[in-house]
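Residues per chain, in single letters:
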Amino acid sequence: MADQYAQSREDSGSTEIPVIRWDEPPEGPVLVLLDQTRLPAEEVELVCTDAPALVEAIRTLAVRGAPLLGIAGAYGVALAAVRGFDVDEAAAALAGARPTAVNLAVGVRRAQAAYRAALVGGGDQEQAAAAALAAARALHREDAEASARMAGHGLALLDELLPGGGHRILTHCNTGALVSGGEGTAFAVALAAHRTGKLRRLWVDETRPLLQGARLTAYEAARNEMAYTLLTDNAAGSLFAAGEVDAVLIGADRIAADGSVANKVGSYPLAVLARYHHVPFIVVAPLTTVDPDTPDGASIEVEQRAGHEVTEVTAPQVPVAGVEAGGGMPVAPLGTQAYNPAFDVTPPELVTAIVTEEGVVSPVTAEALAELCDRSRQVTI
């Protein structure tokens, strides 16, 4: 395995966040990632020269978010192919790096299929590697386009459900440009509302235990000069009770065939609160997140993460003299066991709508979701 940290990026003043890019320096092709574990303290790029380095980046959440994981997985296969490593071995390792996010496996399979097709068609190793890279770049481009279409569909839905603007939107975890080839999923909808003068307030859940809301969504909201307020996850109930939430917008890591939605843990309680308080609960995700092979929510494998993420508080991984990298400050007695699922599953009956790049599903049923997916495939064909 070989990876290294590149020099910190200088702030150009732009709100664009280049989270992933393919680069070809003289020493050979590399995949360059914005290391999200270092945000918001500093913007540092992580250089991956092989698939094992990328697997480690995925597991440590240096790169994260369902759509971006799909893009990273595809580039990881291309990286293995271009550098002459075992492509099937790299693909298997990448696809299994995080089990809940279906996009990761989708991206891996797409680049792997392009590589194999080139070989079967008589191409040599170099041509097959080029085919894998072309597939990864195409997925990257398509995700950016999907992001823009989701933002448009989502904003239209908000206007329909909440005419008059002045939206107060609650979001959970991070769903912006940091998870996408474009401007994101749920966050992209809120950003579109902001740009059209329809966003009154973005409520940002802190998102325990890894603080993606506090560290990443707040970072993106600030860069885009949005009106936002950070709150702890367990303060959301009082916010609903005070009538301060007009809609909940979240992303998804996997959507089962019946419309069950797996997302960052803490999403399901928000859906329950939203239903009780008659607030729309909207999921925004590309169709690559829909997994027809997973029949229902009970069939979704939920990633269980290390207990120290709960029993310790860890700041962004800024190097500090005398402090072990990745170490945290204990907040529980030594030996305390922790329940730390990365995701929870929201049943379809609690979801007001699922917004995709191809349109909106509402009410959320297996039939409506399958119809949208079938229609999308026919258009693609």
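Residues numbered from 1 in each chain as written. Predicted model: local features only at pLDDT ≥ 70, side-chain atom pairs only at ≥ 80, totals over all residues. Heavy atoms only, no water.

Participant: Any chance you could break down unusual backbone geometry for me, citing the residues and the numbers?
Facilitator: Each neighbour pair has its own omega, and for R208 with P209 the value is 0 degrees, a cis peptide bond. With respect to the secondary-structure elements, P209 resides in the loop between β6 (199-205) and α7 (212-223). At T207, a residue that is not glycine, the phi angle is positive and equals roughly 70 degrees. In this structure, T207 sits in the loop between β6 and α7. (Helix = DSSP H or I, 4+ residues; strand = E, 2+ residues; numbered from the N terminus.)

Participant: Explain the side chain of R215 residue by residue, including any values.
Facilitator: As for its placement among the helices and strands, R215 is situated in helix α7. No salt bridge is formed by the buried R215; the nearest opposite charge belongs to D35, separated by 7.5 Å. Reaching out from R215, the side chain makes a polar contact with the backbone oxygen of L210 at a distance of 3.3 Å. (Buried < 20%, exposed > 50% of the residue type's maximum accessible area, 1.4 Å probe, protein only. Lys, Arg positive; Asp, Glu negative; His and termini not counted. Salt bridge = Lys/Arg side-chain N within 4 Å of Asp/Glu carboxyl O. Polar contact = N/O pair within 3.5 Å; in protein donor to acceptor, adjacent residues only side chain to side chain.)

Participant: Kindly report on helix α1 (residues 51-59), identifying the contributing residues and their values.
Facilitator: Among all positions in α1, only A51, A53, L54, V55, A57 and I58 are buried. At the N-terminal end of α1, a side-chain oxygen is found 3.0 Å from the backbone nitrogen of A53, two or three residues along, and the residue is D50. Two residues or fewer after α1 comes L61, characterised by a positive phi angle close to 70 degrees.

Participant: Explain the pattern of salt bridges to me, and be specific about the residues and the numbers.
Facilitator: Enumeration over the complete set of coordinates arrives at 17 salt bridges. Close ionic contact of E206 with R208 constitutes a salt bridge, the shortest N to O distance being 2.8 Å. Given a relative accessible area of 47%, R208 falls into the partly exposed group. When the shortest N-O distance is used, the salt bridge between D291 and R254 registers 2.5 Å. You can see D291 sitting in strand β12 (residues 290-291) and its partner R254 sitting in strand β9 (residues 254-256), a full 37 residues away along the chain. Taken individually, D291 and R254 each receive the classification buried, so the pair is uniform in this respect.

Participant: Tell me what's going on with the side chain of S147, and back it up with residues and numbers.
Facilitator: Residue placement: S147 occurs in helix α5 (residues 125-161). Leaving out residues up to four positions away in the same chain, S147 has contacts with S180, G182, E183, G184 and A188. (Contact = heavy atoms within 4.5 Å.)

Participant: Residue-level account of the environment of P295, with values.
Facilitator: Following the sequence through the fold, P295 ends up in the loop between β12 and α10 (308-311). Linking P295 and A92, residues 203 residues apart in sequence, is a C-alpha distance of 23 Å. Filtering out sequence-adjacent residues up to four positions away, P295 remains in contact with A256, A257 and D258.

Keep in mind these numbers describe shape, not what the thing actually does.
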